[in-house]
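Each chain is listed here by its residues.
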Amino acid sequence: MIIKNVNLETVCGITSVLPDNAHPEIAFSGKSNVGKSSLINALMNRKSYARISATPGKTQTINYYNINDELYLVDLPGYGYAKVSEKEKIKWGQLVERYLHSSRQLKAVFLLIDIRHEPSANDKMMYDWIVGQGYEPIIIATKLDKIKRSQLEKHIKMLRTGLKLLPGTKVIPFSSMTKQGRDEIWELVETEYIG
Ligand code: GDP
């Protein structure tokens, strides 16, 4: 994908009416701090356009990035931040559920998981939830540069087992430091989900 222009076009909070966009949407979900903003910036070829939040878990909004007036990268609010109150967690759930239910342009959901660790209960819940909404999430295993190359297979296996991924689920290792995986993600989006 050649990025000609990017624009944070819409920011939706809990009470917002979600936009009925004219272009396909690709959504990104993951626990706070997993590297979601860094991934979205890498996909957009921007250093810090997507918020890299100083206070993780604080921004409970859905952000729509318009790419070339062709598609939207949709940044879903991160989950699993311990300091968020129960009330906030419920609001988060309602907002994300409303989005997954109602977006007519949503083509694919990417779920980001830190490649280093066993997926958490929240990761598993999110995976099952996305599947329950009728989507086949694509897993992005983030922070690839933090493990040794020789450990890759083991970590991918840990992730597949931990999340109980359905057979055939794609797992793409990614690093925002080296940008490894970036082209593969764009290629997948371009060939399978847009156009
Ligand atoms: P978000 O909360 O999911 O949006 O996560 P951020 O993109 O803000 O990243 C959280 C922290 O992880 C920041 O300190 C990033 O610099 C760091 N980070 C994100 N992606 C990578 C990566 O691929 N490799 C390494 N080494 N650090 C990363």
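This one's a predicted model, so the numbers in the text were calculated from it and none came from an experiment. Chains are numbered independently. Their residues run from 1 in the order of the written sequence. Restriction of local features to residues with pLDDT of at least 70 applies here, the model being predicted, together with a cutoff of 80 or more for giving and counting side-chain atom pairs; totals for whole chains, interfaces and linings are based on all residues.

## Observations concerning the nonpolar core
Soluble globular proteins tend to bury their nonpolar side chains together. Counted only if it meets this: When buried Ala, Val, Leu, Ile, Met, Phe, Trp, Tyr and Cys residues are joined through C-beta atoms within 7 Å, the set is termed a nonpolar core. Field definition: a residue is buried when 20 or more other C-beta atoms are found within 10 Å of its C-beta, exposed when 12 or fewer are, and partly exposed for counts in between, with C-beta atoms placed from the backbone. Each helix corresponds to a stretch of at least 4 residues labelled H or I by DSSP, and each strand to a stretch of at least 2 residues labelled E; elements are numbered beginning at the N terminus. Each residue is represented by a C-beta atom placed from its backbone, and any two residues with such atoms within 7 Å are regarded as in contact.
Counting 43 residues, the largest nonpolar core has Phe-28, Leu-73, Val-74, Phe-110 and Ile-140 as the members making the most contacts within it. Tallying contributions element by element places strand E5 (residues 106-114) first for this core, with six residues. In contact with Ile-140, not counting residues within four places along its chain, are Leu-39, Phe-110, Leu-112, Ile-172, Phe-174 and Ile-185.

## Regarding the sheet that holds strand E3 (residues 62-67)
To be explicit about the condition: Pairs of strands are assigned from DSSP output, requiring at least two bridges between the strands. Between the N-to-C directions of two axes lies an angle of 0 to 180 degrees, each axis being a line fitted to C-alpha atoms and, for a helix, fitted only over the stretch in contact.
Taken in spatial order, the seven strands of this open sheet run E1-E3-E4-E2-E5-E6-E7, and their pairing is mixed. In this open sheet, the two edge strands, each paired with only one partner strand, are strand E1 (6-12) and strand E7 (171-173). Each adjacent strand pair in this sheet contributes to an overall mean axis angle of 25 degrees, direction not counted. Pairing geometry for strand E6 (residues 138-142) and E7, over three bridges, is parallel. Paired with Ile-140 across the bridge in E7 is Ile-172.

## Considering the pairing of E6
The test is simple: A clockwise path from the first strand over the helix to the second, with the strands pointing away from the viewer, defines a right-handed crossover.
Most of E6 is tucked away, with five of its five residues classed as buried. Going residue by residue along E6, you find Ile-138, Ile-140 and Thr-142 tucked away on one face and Ile-139 and Ala-141 tucked away on the opposite face as well. As paired elements, E5 and E6 share five bridges and run parallel to each other. Paired with Leu-111 across the two strands is Ile-139, which belongs to E6. Between E5 and its parallel partner E6, the chain crosses via helix H3 (residues 121-132), and the hand of that crossover is right-handed.

## Some thoughts on the environment of Leu-106
Along the chain, the position of Leu-106 falls in strand E5. Residues Leu-106 and His-23, spaced 83 residues apart in sequence, show a C-alpha to C-alpha distance of 9.1 Å. If sequence neighbours within four positions are ignored, Leu-106 has contacts with Glu-25 and Ala-27.

## Looking at the site of the ligand
Inclusion rule: Using the backbone to place each C-beta atom, any residue with that atom within 6 Å of a molecule or strand is considered near it. Gly is placed with the polar residues, together with every amino acid not listed as nonpolar (Ala, Val, Leu, Ile, Met, Phe, Trp, Tyr, Cys and Pro) or charged (Asp, Glu, Lys and Arg).
Looking at the ligand, there are 19 residues lining it, with Gly-35, Lys-36, Ser-37, Ser-38 and Ser-176 nearest. By residue number, the principal contributor to the shell around the ligand is helix H1 (residues 36-44), which donates three residues. A per-class count over the shell around the ligand returns four nonpolar, eleven polar and four charged.

## Quick look at the environment of Met-126
Inspection of the secondary structure puts Met-126 in helix H3. On the basis of neighbour counts, which here come to 25 C-beta atoms within 10 Å, the residue Met-126 falls in the buried class. When the C-alpha positions of Met-126 and Pro-137 are compared, they lie 9.8 Å apart, and in sequence the two are eleven residues distant. Setting aside residues up to four positions removed in sequence, Met-126 forms contacts with Ser-29, Tyr-79 and Leu-111.

## Concerning H3
Stated formally: One less than the number of residues in a helix, times 1.5 Å, gives the span that helix is expected to have. The arc refers to the directions leading from the helix axis to the C-beta atoms.
The end-to-end C-alpha distance of H3 is 16 Å, a good match for the 16 Å that twelve residues give at a rise of 1.5 Å each. Along H3, the residues classified as buried are Asp-123, Met-126 and Tyr-127. Along the axis of H3, the buried positions cluster into a sector of 100 degrees, meaning they face one direction only. Exposed positions of H3 whose direction lies more than 90 degrees from the buried face are Ala-121 and Gly-132. Residues of H3 that are buried in the fold lie against strand E2 (25-30), E5 and helix H4 (152-163). Positive backbone phi, approximately 95 degrees, marks Gly-134, located one or two places after H3.

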